[in-house]
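# Fold and contact review
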Amino acid sequence: MRRFPSLSARQYLKALGPGAAVPLREGVRAGIGALIGIAATVGLAMLLSGDMWLGVYLVAPFGSSSVLLFAAPNSPLAQPWPAILGNTVSALTAIAVCHLVPEHALSVPLAVAAAIVTMAICRATHPPGGAVAMMVAIGAEKILPLGFGYAFVPVALGTLVLVCIAAIYAPLTGRRYPLRQFNEANKVGTHDPAPQARLGLSEEELAEILARYRQSLNLGVEDLARLVAEMKAASHRIKPQRAADIMSRDLVTVSPDTSLQKIAEIFMERGFTSLPVVENGHYRGVIFQLDLIEGAMGRKVQTNGKSGFLPAWAQRKRAVCAAEIMKTPRPVHADAPVAALLPLLAGDRDDAVPVLDGEQIVGIVTQTDLISALARQGLQAA
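First things first, this report covers the structure right here in the doc. What you are looking at is a predicted structure, and each value in this text was computed from that prediction instead of being measured.

What counts, and at which threshold
- Residues numbered from 1 in each chain as written.
- Predicted model: local features only at pLDDT ≥ 70, side-chain atom pairs only at ≥ 80, totals over all residues.
- Heavy atoms only, no water.
- Helix = DSSP H or I, 4+ residues; strand = E, 2+ residues; numbered from the N terminus.
- Buried < 20%, exposed > 50% of the residue type's maximum accessible area, 1.4 Å probe, protein only.
- Contact = heavy atoms within 4.5 Å.
- Areas by Shrake-Rupley, 256 points an atom, 1.4 Å probe, with all protein chains shown as cover.
- Arc of directions from axis to C-beta.
- Polar contact = N/O pair within 3.5 Å; in protein donor to acceptor, adjacent residues only side chain to side chain.
- Salt bridge = Lys/Arg side-chain N within 4 Å of Asp/Glu carboxyl O.
- Core = buried A, V, L, I, M, F, W, Y, C linked by side-chain atoms within 4.5 Å.
- Pairing = 2+ DSSP bridges.
- Expected span 1.5 Å × (residues − 1).
- Patch = residues over 30% accessible without salt bridge, like charges linked within 9 Å, V, L, I, M, F, W, Y side chains within 5 Å.

What follows covers the overall build of the protein. Helix and strand counts for the protein come out as 17 helices and 7 strands. Counting all 382 residues of the protein, 38% fall into the buried class. In the protein, 65% of the contacts between residues at least 6 apart in sequence involve partners at least 24 apart. Here the protein has roughly 21,600 Å² of accessible surface; of this, 62% comes from carbon and sulfur atoms.

In structure tokens, the structure reads:
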């Protein structure tokens, strides 16, 4: 069992004081979101029940769900899965407990306890779920006649409404909901981390840290990645050692017969500066953006004393393809030291080095990757 240092009386008293200050602007932003969300659930309750059953169909724990969804949208406890499923299974569990144990003195604590266990099993822990279970047990006389369907309407439906409003409201106010996933595609549409973050921890390593410190309900993998990945990476990877540490792995490739138009579309859509050429799984070369431009424009000519470029399609009767403009820069192995990449990337034209395993390309290192790695090394050494 992990031991934690004991706290002095002064430290205990300090722990009872206020937490981190929340900017008023953030509180107002969350409050407006909750206003919209709860107003929608009130309208839904009135539509479903009328004034007579408003107290049953307007689920009070929606208020605490709103606090999480609008004030703490990055919390792992506020994401759509735990919010919707957590409230739903808590209601189902509480209804089942009340059928088995009709006495309030026993059914209320049992319903809450069973809801917590059920949410944990479903990986859907949502604190308001405990309040849902308690509300069901306290109001069993009115809720039990509605059957298990009460867990779906209004509990699941109302939570779904709150989640949808939060998903619309968050980006409108500069927030992200649902939370960005650990392996979400980057701005160029691949799943490689950004060059400056490529030496961080894996999702499994981060999850192991959360489990070790029993913080899986307080922080998500995404939060921990932003907070401590850099610190842990510096502790066991002082500086980049190999090409494999900094290379892009999720590659977009083209075949030798790919047209220049298609290649240009990829460059424009993805923002790449180089594209590997692969045939039947074997590496053939790399197309650089500058070569594409020159390949499209063709050769330099003199006309009436003026210089210019004669387009390639004016010189040839056929279309130009990738094989005709690609280059074959010197490749390296994944275990090649980063220092060996410096002379290869120091040229004026070639800004990427392919990383091979046999005849297969397993990654590519760009000038941006190398600069980010060297800058990172300098910061760690400082």
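Back to the text.
This part takes up helix α13 (residues 260-270). Buried within α13 are the following residues: Leu260, Ile263, Ile266 and Phe267. For α13, the arc enclosing every buried residue in end-on projection is 120°, short of the 170-degree limit, so these residues lie on one face. Among the exposed residues of α13, those pointing more than 90 degrees away from its buried face are Gln261, Met268 and Glu269.

This part is about the environment of asparagine 87. Within the secondary structure, asparagine 87 sits in helix α5 (residues 80-100). Given a relative accessible area of 0%, asparagine 87 falls into the buried group. Sequence-wise, asparagine 87 and alanine 131 are 44 residues apart; in three dimensions their C-alpha atoms are separated by 8.8 Å. Not counting the four nearest positions on each side in its chain, asparagine 87 is found in contact with Phe62, Ser65, Pro82, His126, Pro128, Gly129, Val132, Val155 and Thr159. At 3.3 Å, the side chain of asparagine 87 forms a polar contact with the side chain of serine 65.

What follows covers the pattern of salt bridges. As enumerated under the stated definition, the model contains 5 salt bridges in all. With a closest N to O distance of 3.0 Å, glutamate 26 and arginine 29 form a salt bridge. On the criterion of helical spacing, the pair formed by glutamate 26 and arginine 29 is a turn pair, its members being 3 residues apart in helix α2 (residues 24-49). Each of the two residues, glutamate 26 as well as arginine 29, counts as buried. Taken together, the shared-partner salt bridges in this structure form one network comprising Glu26, Arg29 and Arg175.

Counting residues in hydrophobic clusters, the biggest one holds 37 residues, and the most contacted among them are Val59, Leu69, Phe70, Val136 and Tyr150. Residue assignment for this core shows that the elements contributing at least two residues are α2, α3 (54-57), α4 (62-71), α5, α6 (104-121), α7 (128-138), α8 (140-143) and α9 (152-172). Looking at which element gives the most residues to this core, the answer is α9, with 7 residues. Dropping the residues within four chain positions of it, valine 59 is found in contact with Val132, Met135, Tyr150, Pro154 and Val155.

Quick look at the sheet that holds strand β5 (residues 332-333) now. Taken in spatial order, the 3 strands line up as β5-β6-β7 in an open sheet, and their pairing is mixed. This sheet does not close on itself; its edge strands, each paired only once, are β5 and β7 (360-366).

Glancing now at α6. The end-to-end C-alpha distance of α6 is 25 Å, a good match for the 26 Å that 18 residues give at a rise of 1.5 Å each. Here the buried face of α6 lies against α5 and α7. Of the residues flanking the end of α6, it is arginine 123, one or two places downstream, whose phi is positive at about 55°.

It is worth spelling out a nonpolar patch on the surface at this point. On the surface, a nonpolar cluster with roughly 490 Å² of combined accessible area is contributed by Leu24, Val28, Ile32, Leu35 and Ile36. Residue position: valine 28 is located in helix α2. What makes valine 28 partly exposed here is its relative accessible area of 42%.

Looking now at unusual backbone geometry. Here the residue pair valine 153 and proline 154 is connected by a cis peptide bond, since its omega of 25° sits within 30 degrees of zero. Of note, proline 154 is situated in helix α9. Of note, the amide linkage connecting tyrosine 177 to proline 178 takes the cis form, showing an omega dihedral of -5°. Assignment of secondary structure puts proline 178 in the loop between α9 and α10 (203-212). Even without glycine at this site, arginine 123 takes up a positive phi of about 55°. Looking at the secondary structure, you find arginine 123 in the loop between α6 and α7. By relative accessible area, which is 73% here, arginine 123 ends up exposed. The backbone of asparagine 280 shows a phi angle near 50°, a positive value even though the residue is not glycine. Looking at the element boundaries, asparagine 280 is found in the loop between β1 (274-279) and β2 (282-288).

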